[in-house]
Amino acid sequence: MAVYVVDHPLVRHKIGILRMESTSTSEFRSVSNEVAGLLIYEATKGFRTEKHIVQGWAGPVEIEAISGKKVTVVPILRAGIGLMDGVLDMIPGAKISVVGLYRNEETLQPVEYYVKLASDMDQRLAIILDPMLATGGSLIATIELLKRHDCRNICSLNLVCAPEGLAKVQAAHPDVDIYTAAIDDHLNEDGYIIPGLGDAGDRIFGTK
Ligand code: PRP
Ligand code: URA
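Bear in mind that the values here come from a model prediction, so they are computed numbers and not experimental data.

S.K.: Please set out the pairing of strand β4 (residues 71-77) residue by residue, giving values where relevant.
M.R.: Taken across its 7 residues, β4 has 5 buried, putting it largely inside the fold. The pairing of β4 with strand β8 (residues 125-129) spans 5 bridges and is classified as parallel. Pairing of Val71 across the sheet is with Leu125, part of β8. Note that β4 and strand β5 (residues 95-96) share 2 bridges and pair parallel. Within β5, the position partnered with Thr72 by the bridge is Lys95. Note that β4 and strand β6 (residues 98-103) share 2 bridges and pair parallel. Across the sheet, residue Leu77 finds its bridge partner in β6, namely Gly100.

S.K.: Outline the UniProt feature "domain: Phosphoribosyltransferase" (unreviewed entry) in the chain, listing residues and values.
M.R.: Per the UniProt record, "domain: Phosphoribosyltransferase" (unreviewed entry) is found at residues 5-207. Secondary structure across residues 5-207 divides into 32% helix and 33% strand, with the first and last C-alpha atoms of the span separated by 29 Å.

S.K.: An account of helix α4 (residues 137-148) is requested, with residue identities and associated values reported.
M.R.: Count 3.6 residues to each turn of an α-helix, and residues three or four apart come out pointing the same way. Counted at 1.5 Å a residue, the expected span for α4 with its 12 residues is 16 Å, and the 16 Å between its end C-alpha atoms agrees. When α4 is considered as a whole, its buried residues turn out to be Gly137, Ser138, Leu139, Thr142, Ile143 and Leu146. Of the residues flanking the end of α4, it is Asp150, one or two places downstream, whose phi is positive at about 70°.

S.K.: Outline the nonpolar core, supporting the account with residue identities and numerical values.
M.R.: Counting 52 residues, the largest nonpolar core has Leu39, Ala126, Ile127, Ile128, Leu129, Leu157 and Ala181 as its most contacted members. For this core, the element with the most residues is helix α2 (residues 25-43), which contributes 7 residues. Other than its neighbours up to four places away in sequence, Leu157 contacts Ala36, Leu39, Ile40, Ala43, Leu83, Ile127, Ile128, Leu129 and Tyr179.

S.K.: Go over the environment of Gly68 with me, naming the residues and quoting the values.
M.R.: Topologically, Gly68 is positioned in the loop between β3 (59-66) and β4. Remark: the alpha-carbon pair of Gly68 and Asn104, spanning 36 residues in sequence, is separated by 40 Å.

S.K.: Go over the UniProt feature "binding site: uracil" (unreviewed entry) in the chain, please, and point to the residues and values.
M.R.: As annotated by UniProt and renumbered to match this structure, "binding site: uracil" (unreviewed entry) occupies Ile193, Gly198, Asp199 and Ala200. Tracing the backbone through its elements, the reader meets Ile193 in strand β13 (residues 193-194). Sequence-distant contacts of Ile193, defined by excluding residues within four places in its chain, comprise Met132, Ala134, Val160, Ala162, Asp184 and Leu187. Position of Gly198 among the secondary structure elements: in the loop between β13 and α6 (200-205). For Gly198, a count of 17 C-beta atoms within 10 Å gives the class partly exposed.

Rules used in this analysis
Residues numbered from 1 in each chain as written. Chains lettered and ligands numbered in written order. Predicted model: local features only at pLDDT ≥ 70, side-chain atom pairs only at ≥ 80, totals over all residues. Buried ≥ 20, exposed ≤ 12 C-beta atoms within 10 Å, placed from the backbone. Helix = DSSP H or I, 4+ residues; strand = E, 2+ residues; numbered from the N terminus. Pairing = 2+ DSSP bridges. UniProt positions renumbered as here; feature names shortened; annotations may be inferred. Expected span 1.5 Å × (residues − 1). Core = buried A, V, L, I, M, F, W, Y, C linked by C-beta atoms within 7 Å. Contact = placed C-beta atoms within 7 Å.

Pasting the structure below:
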């Protein structure tokens, strides 16, 4: 597995806005999607294109189009929904596969409550979306679910990661690449990322 920390002034600036306690729900939502758009830009760098001749305004012109890529985005409910628009703006043709998981607050283990995947998972690149990679349990459970459905081409977009969770995912699934805006310091005793963003689901949905 490779971990790509997307190091760009726009990303660093926007993550700073997300870290502020004073950031409103609507701004948290829009900036999360903006960072997701910047992460997907990096994550799709390896996409192949093929050349076509089309009719342009001044006659035939050679263009490039992305070739043969079937993509599904996989938001992990709930907070992963908060990255979806930013990614779909860039890949509007992607199918959406939904995985519902929540973390049991005592054990920190992921609990599955809803799954609806796209068809032909064996032929698709699956791009998992979740703002937070903390203990890594939710991401590992999602990767295992996708692999049980024969998906072999998987990457993950996470706004902020904890080093402890990254190491666990890396050990369990070395074939899965992770694109992130920040690797933070540590997890606290409640499994929250420090300094982190707080509870990303609550901040995106305006709940508490
Ligand atoms: C959060 C977050 C991840 C998970 C990360 O979800 O969005 O899915 O925790 O933690 P982990 O790496 O330790 O598994 P949460 O369970 O709070 O659910 P929500 O998205 O419904 O708010
Ligand atoms: N889930 C969150 O939303 N934030 C964390 O810091 C850890 C898990």
